[in-house]
Amino acid sequence: MLRLGAVRRGTSLFLCRQASKEGKPVDSGALVQLEEGYKKLAASDSKSLLKKHLKKDIFDRLKKKTTPSFNSSLLDCIQSGLCNHDSGVGIYAPDAEAYKTFADIFDPIIEDYHKGFKKTDKHPESCFGKGKDFPNLDPNNKYIVSTRVRCGRSVKNFPFNPCLSEYEYAELECMISGALNTMSGAYKGGYLPLCGMEKSVQQKLIDEHFLFKEGDRFLETAGASRFWPAGRGIYFNEARNFLVWVNEEDHIRIISMEKGGDIGKVYDRMLGGVEALGKYLDFSRDERLGYLTFCPTNLGTTIRASVHIKLPNLTANPEELQKLATKYNLQVRGTSGEHSEAKGGVHDISNKRRMGLTEYEAVKEMHDGISALIEAENKACKK
C-alpha cells in the first residue's frame, strides 16, 4: 500500500511539472550571472574538476540549455563550483535529467573522478556479495577506531534537493519515515525530524558523528539547503549502529557503523537496511549510471565504505600516505569528513570509486587498500 501510494503521488507531481516547465529558456539575469561566474573560475587557480573540464566551447554549447521536466540550467549545476573555487569537484545534478542534458560536462568529470568510467561504459548490475568475505582488518583495535558503510538512494519520480518544493520535502519525509517505521528486529528504532529538535540535542548528535551538519557552504550554494530544516531528519535503531539520513544531500543516506574494524559485519547490516526499505520505496536507477544521486561522485553503487584510522607513521609522511591511497583508489579525508582536519591524527579513509564496479567490488577495493595501509604502518614501526 505504501509503495503504490508513494509512486502515484510522485508520478503525478512529476507529470504536472513536466507539462508546466518544458522548453522554458534560461533567464537573462541567470545567463549574465553564469557568464561572469565562468570568467572568474577560468581566471582562478581552482583545482576543481569543473574548471579542468569546462572548456569554453563546452560552456557555450551548454549555457542556454535546460532540463525538460524541471527547467534546471547549467548555472543550477555548477553554481557551487563557481562560488567555491576550493571545491574538489564543483558540480551537482539538480534533477536526474541533468546528467543527460549536460552530459558534455558531467561525462568527463565522471570519467576523471571514477577512474576511467567512459561515456560509452555501462554500470554493472548490482552484486552485493556477503560480509563474511571481508574479515576484521584490526582485531586488536590497534589502528581502526571505527567503521562505517553507507549508500545513497533517491526516490523515483522526485527531483533532487534544488528542485524540491517545501511541500515535496514534507511529502518525501512522510514517505520515507513511514517506510522506516515498518523496520523490525535489529533495525527497529525511531525517526527524529529536525523541525522542532532542540539545538542542544542536534549538536550532541553532530558531535557524536551521527547527524549531518547544517550550513555546508558547498551544498548551500548548490541549492540543497532550501527550506531548511523542513523535511530533514534522522532515524536510529535501538543499538544506534544503523542510521538513515533523510533529505540531507540525497533523499536517503543509509548508514551502518560501529567501533573497531569489522567491515563485513557493518556491510551486512547496511545491506539488510537497504533491502528492508526497498520493499516500500522505489529507488531511482539509470541503466548506464546506476543508482542516481545529487553529486556525480556518488553515482553507481553509491557505496562509501570508510574507517576512522590512526596511522601515525604514515601521517608523518603524507606523500607516502597519498601514494598508497592513489594506488588503491582510496580517498583520505579529515576526521569529520570532507573539508575537515585530521583531529588527533585520525583520518577518514574510504573507497573512491563507486562506478563501473559492483557493490562487492567497491567494498573489496576499500578492504584491500586499508589492509595495505596497515601493513605499511607496521613496516614503518619496525624501522
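Predicted, not measured: the structure shown is a model, and the values here were computed from it. (Residues numbered from 1 in each chain as written. Predicted model: local features only at pLDDT ≥ 70, side-chain atom pairs only at ≥ 80, totals over all residues. Heavy atoms only, no water.)

A. Here's a closer look at the nonpolar core. Counting residues in hydrophobic clusters, the biggest one holds 51 residues, and the most contacted among them are Leu180, Met270, Ile309, Ile370 and Leu373. Element by element, the count of residues in this core is highest for helix 11 (residues 263-278), at 7 residues. The residues touching isoleucine 370, leaving out its near neighbours within four places in the chain, are Leu137, Ile144, Val307, Ile309, Leu330 and Ile349. Listed in part, the 40 residues of the second largest apolar core include Ile58, Ile109, Leu292 and Phe294. (Core = buried A, V, L, I, M, F, W, Y, C linked by side-chain atoms within 4.5 Å. Buried < 20%, exposed > 50% of the residue type's maximum accessible area, 1.4 Å probe, protein only. Helix = DSSP H or I, 4+ residues; strand = E, 2+ residues; numbered from the N terminus. Contact = heavy atoms within 4.5 Å.)

B. Main features of the side chain of serine 80. Along the chain, serine 80 turns up in helix 5 (residues 74-83). Taking relative accessible area as the criterion, serine 80 reaches 1% and is therefore assigned buried. Setting aside anything within four residues of it in sequence, one finds serine 80 in contact with Ser87, Tyr92, Phe218, Thr221 and Ala222.

C. Here's a closer look at the sheet that holds strand 4 (residues 242-246). If you trace the 8 strands from one edge of the open sheet to the other, you get 2-3-4-5-1-8-10-9, paired in antiparallel fashion. Whereas interior strands pair on both sides, the edge strands pair on one side only; in this sheet they are strand 2 (189-193) and strand 9 (330-333). Taking each pair of neighbouring strands and ignoring which way they run, the sheet shows an average axis angle of 20°. Packed onto the sheet, helix 11 meets strand 1 (144-153), strand 4 and strand 5 (252-259) and runs at close to 150° relative to strand 5. With respect to the sheet, helix 14 (residues 359-382) is in contact with strand 1, strand 8 (304-310), strand 9 and strand 10 (346-351), its orientation differing from that of strand 8 by roughly 15°. (Pairing = 2+ DSSP bridges. Axes fitted to C-alpha atoms, helices over the stretch in contact; angles between N-to-C directions.)

D. Representation of helix 9 (residues 199-207). Taken together, the buried positions of helix 9 are occupied by Gln202, Leu205 and Ile206. Projected down its long axis, helix 9 carries its buried residues within an arc of 100°, all on one side. Looking at helix 9, the residues exposed on the side facing more than 90 degrees away from the buried face are Ser200 and Asp207. Buried positions along helix 9 lie against strand 3 (233-237). One or two steps after helix 9, the chain reaches histidine 209, where phi turns positive at roughly 65°. (Arc of directions from axis to C-beta.)

E. Examining the UniProt feature "domain: Phosphagen kinase N-terminal" (unreviewed entry) in the protein chain more closely. Mapped onto this structure's residue numbering, the UniProt feature "domain: Phosphagen kinase N-terminal" (unreviewed entry) falls at residues 30-115. Its end C-alpha atoms 33 Å apart, residues 30-115 is made of 59% helix and 0% strand. (UniProt positions renumbered as here; feature names shortened; annotations may be inferred.)

F. Structural context of the layout of surface pockets. Taken as a whole, the second largest pocket encloses approximately 460 Å³ of empty space. Ala96, Glu97, Ser284, Asp286 and Leu292 are, among the 23 residues lining the second largest pocket, the residues nearest its centre. When residues of the lining of the second largest pocket are traced back to their parent elements, those giving at least two are helix 6 (98-101), helix 7 (103-113) and strand 6 (285-286). The greatest single-element share of the lining of the second largest pocket, amounting to 3 residues, is contributed by helix 6. For the lining of the second largest pocket, the class distribution of residues is 12 nonpolar, 3 polar and 8 charged. (1 Å grid on protein atoms, 1.4 Å probe; cavity = no way out; pocket = protein on both sides within 12 Å on 5 of 7 lines; lining within 4 Å. Points joined across faces, edges and corners; volume = space filled by probe spheres on them. Nonpolar A, V, L, I, M, F, W, Y, C, P; charged D, E, K, R; others polar.)

G. Molecular detail of unusual backbone geometry. In this structure, proline 229 follows tryptophan 228 across a cis peptide bond, with omega equal to 0°. For proline 229, the location among the structural elements is in the loop between helix 10 (217-221) and strand 3. One non-glycine residue, asparagine 71, adopts positive backbone phi at about 60°. Mapped onto the elements, asparagine 71 comes out in the loop between helix 4 (56-62) and helix 5. Asparagine 71 gets classed as buried once you look at its relative accessible area, which sits at 17%.

H. Molecular detail of the packing of helix 2 (residues 28-43) against helix 5. Relative to each other, helix 2 and helix 5 sit at 35°, their axes nearing to 10 Å. Note on packing geometry: the crossing formed by helix 2 with helix 5 is left-handed. Residue-level contacts link Ala30, Gln33, Leu34, Gly37, Tyr38 and Leu41 of helix 2 to Leu74, Leu75, Ile78, Gln79, Gly81 and Leu82 of helix 5. Class assignment for the residues of the contact of helix 2 with helix 5 results in 8 nonpolar, 4 polar and no charged. (Left-handed = near helix turned anticlockwise from the far one by under 90°.)

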